[in-house]
There are 2 protein chains.
Amino acid sequence: MKAATIRDVAARAQVSVASVSRVLTGAGAVTEPTRQRVLEAVAALAYVPHSGARSLSTSRTDTVGVVLPDLFGEFFSELIRGMDLAARTHGLHLIVSSSHDDADEASAAIRSMRGRVDGMIVLSPHLDAANLAASLAGSLPVLLMNGGATDAGRPSIVVDNHGGAVAAVEHLIAGGARDIAHICGPTGNLEAEARMAGYVQAMAAAGLKARVVDGDFSQSSGHAAVRAMLAEGSHSDAIFAGNDVMAVGALLALQEAGVRCPEDVAVVGFDDVPIAQLVRPSLSTMRINIAETGRRALDRLVDLIRAKDDEALPADVACEIVRPVLVARDSSRANPSINTQASDDGRTAVKSTISSGGHQDV
Amino acid sequence: MKAATIRDVAARAQVSVASVSRVLTGAGAVTEPTRQRVLEAVAALAYVPHSGARSLSTSRTDTVGVVLPDLFGEFFSELIRGMDLAARTHGLHLIVSSSHDDADEASAAIRSMRGRVDGMIVLSPHLDAANLAASLAGSLPVLLMNGGATDAGRPSIVVDNHGGAVAAVEHLIAGGARDIAHICGPTGNLEAEARMAGYVQAMAAAGLKARVVDGDFSQSSGHAAVRAMLAEGSHSDAIFAGNDVMAVGALLALQEAGVRCPEDVAVVGFDDVPIAQLVRPSLSTMRINIAETGRRALDRLVDLIRAKDDEALPADVACEIVRPVLVARDSSRANPSINTQASDDGRTAVKSTISSGGHQDV
DNA sequence: CTGTTAGCGCGTTCAC
DNA sequence: GTGAACGCGCTAACAG
């Protein structure tokens, strides 16, 4: 028993396929009686339009693709959540494609999307926009979020990683820290490199000596980095981690070693993933409103798709910059309450900081 | 400048479209010279097959759909991660559709997938399988993960929520707890109801009085539930939360109130989301290997699709049951180390517990 | 207002 | 081995 097609419906309703199409799409006038007969037949046959076929003739798929390097951790899931929310309001489907570590895989993924999506959002922290453009199929609208340099002339959204890193370091310095170590992200990752560069610059500007420990954005690497530092007899009084996940790993390693945070070592992360406010001490970080950024990315993509359709409206090729906002929590607080368990002094301060960012804590 | 079609390639290579197709799909023999000419033309025109059109003639989309109620929190993102991993190994695309709170929305989402996917995985904790089946388009292979009763005759994977809840309560009782409260999930959610039922039954079996506090699976609801309990002068010595997210909220509320965990109140959650081992005290919970479950779901769906194609192989309509495993961490440990910060006594015990579950901690 | 017909881009029989 | 023709399911012109 195969699924009914539009012809089956037409036959049963004693009308032409065109009329069925008109009733279903809403376009074109149809007389009430025929309309009723069509709807009746549709119900009787449990007919559902074949969106694939429809796409072929309208050349619109009502689907957008999202290619991203990974799906692990809260960052990407939050991003996708924001995109999904926006997609729903536009009546679009979302097709995700992840785990593309290298350029070739990403290219293949992008190519395989042709004829399947109306546009795509590409996150590829390993590639620069130029390389990526080469592998793009046809003139499909694409919004880049590759964290590279502000690549002029190509629609994109990038996070100000450099500026965020500088702000994080300055915050630690303001809190009294002098020997600030940085746990960096994976080599080759543009976001990680920009954050490290910001750290190095801010340290130099303050006349402090930079110290970078390797990491790869994973929690275990943050944990390992701190253990290595401690084993070497580190005297650091602060740590700026390349992302929150590593910062959490660092926090745990400090706890295990009996090092107090923030009294002995202050810690600041990057991203403000949901966990950040749940760990103890709560994690100070550079907030990126992740879900909101995802929503914004999808909205812009929709505009690009419209621009392509209408020809009239110009495509918005701007490189939008998301500026992270410092969220000072307990892990970098100068005078944390003695007993964080029983007090919510910290929380009050956190709330004010956060509400300024238009977000609600806990 | 429009994208090239198979005809453009054929023209440039001086061959028929059929030959181009043969070269690209690999099916059918082609002489080497023509083969070269085709590949050359493909490269010259940067031709990429239109997967939408291909789908229409092969009636395979190489895409599977996942409809789920929400995308918030770590549970669903972990699940999707597992599915995405499996999808990649099968060369399939994943199209996600979320935020379907009620039956109608879910049905619409399911319907809109016809002609777009080869099969789908449906998570709909608000619907029973029977209702859902009604809204299914044609005979599309569907794997259910709706948490309902083991609905015979329909391929599905369900978590043994009832059994898990019983095990959680028994664990708390074994630890000395007698007045165990339960923070339940949203009404109408089948998973939540099964967990509550398990709790009630286990309490009754032990001759203890059950006490249920409302929650909705959100962290804030867990937080609010504990605050309410405390305000009423609760004497509970343990809390079994309907999921980890609420358990974390509960943990924070206890801390804020100066109530020690697990000394004064032990807490056990459900799911074992990644955060569970990051909070302090680390959260005891009923582990579901989420990503693995997602992978398994996709693998089974692939089998169903194959079975539909081959006619020969029978469809596996079994209702697979995932049994949660108790992971005892600090939040329910009878004799936690006095200073969790400086010691890793706890971690040792945790590790052993977890490794028995075939997983690695931290 | 309605029915007929021509594509959308591709895979795939069939004859050659 | 190769090419011409048909069909996948639907929308959109075009006649009637």
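All values reported here derive from a predicted model rather than from experimental measurement.

Looking now at the protein's contact with DNA strand C. If you check the shell around DNA strand C, you find 27 residues, and the closest are A:T31, B:I6, B:Y47, B:R54 and B:S57. Here DNA strand C approaches the protein such that, of its atoms within 4 Å, sugar and phosphate make up 67%. Between DNA strand C and A:T34 there is a distance of 3.3 Å, counted from a phosphate oxygen to a side-chain nitrogen or oxygen. With respect to DNA strand C, the backbone of B:A53 contributes an N or O atom lying 3.3 Å from a base nitrogen. At the level of secondary structure, the elements contributing two or more residues to the surface near DNA strand C comprise α2 (17–25) and α4 (51–58) of chain A together with α1 (6–13), α2 (17–25) and α4 (51–58) of chain B. Top element by residues in the surface near DNA strand C is α4(B). It accounts for five residues. Here the surface near DNA strand C is built from residues that sort into eleven nonpolar, twelve polar and four charged.

The next point concerns the confidence of the model for chain A. Looking at chain A as a whole, its pLDDT mean stands at 87, while 87% of the residues score no less than 70. Note that residues 337–362 of chain A has pLDDT below 50 and, in this model, 35 contacts with residues that lie over four places away or in other chains.

With 56 residues of chain B at the contact, the number on the chain A side is 57 residues. For the chain B and chain A pair, buried surface summed over both sides reaches about 5100 Å², with 55% attributable to carbon and sulfur atoms. Taken as a group, B:H93, B:R114 and B:L278 account for 14% of the area that chain B buries against chain A, more than any other trio of residues on that side. Run the count over chain B and chain A and you get two salt bridges. The partner of A:E105 in a salt bridge is B:R88, and the shortest N-O contact between them spans 2.3 Å. Where chain B touches chain A, the interface holds 22 residue pairs in polar contact (both at pLDDT 80 or more). Every element with two or more residues in the side of chain B that touches chain A is listed here: α4, α5 (74–89), β2 (93–97), α6 (103–111) and α11 (244–256) of chain B. Among the residues forming the side of chain B that touches chain A, the class breakdown is 25 nonpolar, 19 polar and twelve charged. Bridge count for strand β2 (residues 93–97) of chain A against β2(B) is three bridges, and the pairing is antiparallel. Bridging across to β2(B), A:V96 finds its partner in B:L94.

Here the focus is the sheet that holds strand β8 (residues 238–241) of chain A. Residue and element names in this part refer to chain A. What the six strands build is an open sheet, ordered β7-β6-β8-β9-β10-β12; its pairing is mixed. The sheet is open, and its two edges are formed by β7 (211–213) and β12 (325–327), each paired on a single side. Taken over all neighbouring pairs, the strand axes of this sheet differ in orientation by 25° on average, direction set aside. Where strand β6 (residues 180–183) and β8 come together, four bridges link them in parallel fashion. For H182, the partnering residue across the bridge sits in β8 and is F240. In the packing of helix α11 (residues 244–256) onto the sheet, contacts are made with β6, β8, β9 (266–271) and β10 (284–287), and the angle to β9 comes to roughly 155°.

Let us now look at the protein's contact with DNA strand D. Lining the immediate surroundings of DNA strand D are 26 residues, of which A:I6, A:Y47, A:R54, A:S57 and B:T31 lie closest. For DNA strand D, the fraction of protein-proximal atoms (within 4 Å) that sit in sugar or phosphate groups is 71%. At 3.5 Å, a backbone N or O of B:S57 approaches a base oxygen of DNA strand D. Elements that contribute at least two residues to the surface near DNA strand D include exactly α1 (6–13), α2 and α4 of chain A together with α2 and α4 of chain B. Per-element tally for the surface near DNA strand D: the top contributor is α4(A), with five residues.

A few words on the pattern of salt bridges. Oppositely charged side chains can form a pair if their charged atoms are brought close together. Residues and elements named next belong to chain A. Scanning all chains against the criterion turns up 34 salt bridges over all chains. Of the charged contacts in the structure, one is a salt bridge between D160 and R323, with a shortest N-O distance of 2.9 Å. With D160 in the loop between β5 (156–159) and α8 (161–174) and R323 in the loop between β11 (319–322) and β12, the pair connects residues that are 163 residues apart, well separated along the chain. Its relative accessible area of 54% is what places R323 among the exposed residues. Where R195 meets D271, a salt bridge forms, and the shortest distance between an N and an O atom there is 3.4 Å. Here D271 lies in strand β9 and R195 lies in helix α9 (residues 190–205), a separation of 76 residues in the sequence. Classification of D271 as buried rests on a relative accessible area of 6%.

Definitions and cut-offs
Residues numbered from 1 in each chain as written. Chains lettered and ligands numbered in written order. Predicted model: local features only at pLDDT ≥ 70, side-chain atom pairs only at ≥ 80, totals over all residues. Heavy atoms only, no water. Near = heavy atom within 4 Å. Polar contact = N/O pair within 3.5 Å; in protein donor to acceptor, adjacent residues only side chain to side chain. Helix = DSSP H or I, 4+ residues; strand = E, 2+ residues; numbered from the N terminus. Nonpolar A, V, L, I, M, F, W, Y, C, P; charged D, E, K, R; others polar. pLDDT = per-residue confidence, 0-100. Contact = heavy atoms within 4.5 Å. Buried area = accessible area lost by both parts, 1.4 Å probe. Salt bridge = Lys/Arg side-chain N within 4 Å of Asp/Glu carboxyl O. Pairing = 2+ DSSP bridges. Axes fitted to C-alpha atoms, helices over the stretch in contact; angles between N-to-C directions. Buried < 20%, exposed > 50% of the residue type's maximum accessible area, 1.4 Å probe, protein only.

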